Amino acid sequence: MKVEHRSGIGWVTSFLALVAGFCDAATFVGGKSIFSAHVTGNFVFFATYFASETRDAHAWARLLTFPVFFTAVMTGGWVAEKARRKHSILLIEGIVLTLAGGVSILLPALKGHDTMVTIYLVVLITVFGMGLQNAFGKLFPTQTYGPTTMMTGNVTQAALDLGGLIRKGGNSDEGKWTSFKKQGITIGAFLAGCVIGAVLSNRLGLGIIIIPGLAITFCYFREAYRRV
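Remember, predicted model here, so these are calculated numbers, not experimental data. (Residues numbered from 1 in each chain as written. Predicted model: local features only at pLDDT ≥ 70, side-chain atom pairs only at ≥ 80, totals over all residues. Heavy atoms only, no water.)

## Here we look at the nonpolar core
For step 1, the next point in the chain: Ranked by size, the top nonpolar core spans 41 residues in total, and within it V19, I89, L97, M130 and I209 carry the most contacts.
For step 2, the next point in the chain: Only α1 (9–30), α3 (57–82), α4 (88–106), α5 (115–139), α7 (174–204) and α8 (210–226) provide two or more residues apiece to this core.
For step 3, the next point in the chain: By residue number, the principal contributor to this core is α5, which donates ten residues.
For step 4, the next point in the chain: Aside from chain neighbours lying at most four places away, what touches V19 is E93, L97, M130, Q133, P212 and I216. (Core = buried A, V, L, I, M, F, W, Y, C linked by side-chain atoms within 4.5 Å. Buried < 20%, exposed > 50% of the residue type's maximum accessible area, 1.4 Å probe, protein only. Helix = DSSP H or I, 4+ residues; strand = E, 2+ residues; numbered from the N terminus. Contact = heavy atoms within 4.5 Å.)

## Quick notes on unusual backbone geometry
For step 1, the next point in the chain: The backbone phi angle of K32 is positive, close to 60 degrees, even though this residue is not glycine.
For step 2, the next point in the chain: Topologically, K32 is positioned in the loop between α1 and α2 (41–51).
For step 3, the next point in the chain: Residue S33 is not a glycine yet carries a positive backbone phi of 60 degrees.
For step 4, the next point in the chain: Relative to the helices and strands, S33 is located in the loop between α1 and α2.
For step 5, the next point in the chain: Using a relative accessible area of 24% as the deciding quantity, one classes S33 as partly exposed.

## Remarks on the packing of α4 against α5
Between two packed helices, what matters for the description is the angle formed by their axes and the separation of those axes.
For step 1, the next point in the chain: Close contact between α4 and α5 brings their axes to 9 Å; oriented N to C, the two are set at 170 degrees. By the angle between their axes, α4 is roughly antiparallel relative to α5. Considering the relative orientation of α4 and α5, their crossing is left-handed. Within the contact between the two elements, α4 uses I89, L90, I92, E93, V96, L97, L99, A100, V103 and S104 and α5 uses T118, L121, V122, I125, T126, F128, G129, M130, L132, Q133, A135 and F136. (Axes fitted to C-alpha atoms, helices over the stretch in contact; angles between N-to-C directions. Parallel < 35°, antiparallel > 145°, perpendicular 65-115°, else oblique. Left-handed = near helix turned anticlockwise from the far one by under 90°.)

## As for the packing of aromatic side chains
For step 1, the next point in the chain: Taken as a whole and assessed by the stated rule, the structure comprises seven aromatic pairs.
For step 2, the next point in the chain: On the basis of an interplanar angle of 25 degrees and a centroid distance of 4.9 Å, the ring pair of F28 and F35 is categorised as stacked.
For step 3, the next point in the chain: You can call F28 partly exposed: its relative accessible area is 28%.
For step 4, the next point in the chain: Residue class for F35 comes out buried when judged on its relative accessible area of 17%.
For step 5, the next point in the chain: Ring centres of F136 and F140 lie 5.4 Å apart, and the angle between their planes is 45 degrees; on these two criteria the pair is classed as tilted. By the burial criterion, F136 is buried, and F140 matches it.
For step 6, the next point in the chain: Taken together, F43, F66 and F70 form an aromatic cluster joined through their ring pairs. (Phe/Tyr/Trp six-rings, centres within 6.5 Å; stacked < 30°, edge-to-face > 60°.)

## Details of the side chain of T144
For step 1, the next point in the chain: Looking at the element boundaries, T144 is found in the loop between α5 and α6 (152–168).
For step 2, the next point in the chain: According to the relative accessible area criterion, T144 is buried, its value standing at 8%.
For step 3, the next point in the chain: At 2.9 Å, the side chain of T144 forms a polar contact with the backbone oxygen of G146.
For step 4, the next point in the chain: Not counting residues within four places of it along the chain, the set of residues in contact with T144 comprises I9, V12, T13, L16 and F136. (Polar contact = N/O pair within 3.5 Å; in protein donor to acceptor, adjacent residues only side chain to side chain.)

In structure tokens form, the structure reads like this:
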């Protein structure tokens, strides 16, 4: 999924933001309210459980997302340095997310499986995949319009752009319009992914994470085939 032309950046941005929103909402709805794309949000839930009188394994599962995410980002950096195709990090992400969905689908068929263990395993595998996508965004910042896994920075920029446009009379600043449109694409795609992921996870379970995994893998090989 290497981007050679500016015209392709919008598509890649939309696609990756959609994937991140999908996975984040899917694990939150189907995985005991655990975020997979922006794991710092899990710190708040951990603190809430830790401060309450009732403490359970959910809090520690959320805390585990941090070292998993950290390891994934480190792995992404290593892959970017060693792989012949620098964007192989996205292929690995696709494989990891496909694995997460596959585990959710197949493990329940085994005798004596523990439902909670399966859920936590799937969520942590998904966190690893999202860590790879975060690494991609940092390593290749010109390949997207901005961060695709967390929207706080994008929303902030969109608000600044809109405020500037309002103060200067709308079309007077083409640069701000362009920036505002880019942020809108990213935020809109992420929101769409959240809605789709939440609905499907609520109805079908965490196995639906296999969908973005297969989609990323397919797109990667399609682009690789086109460049042969």
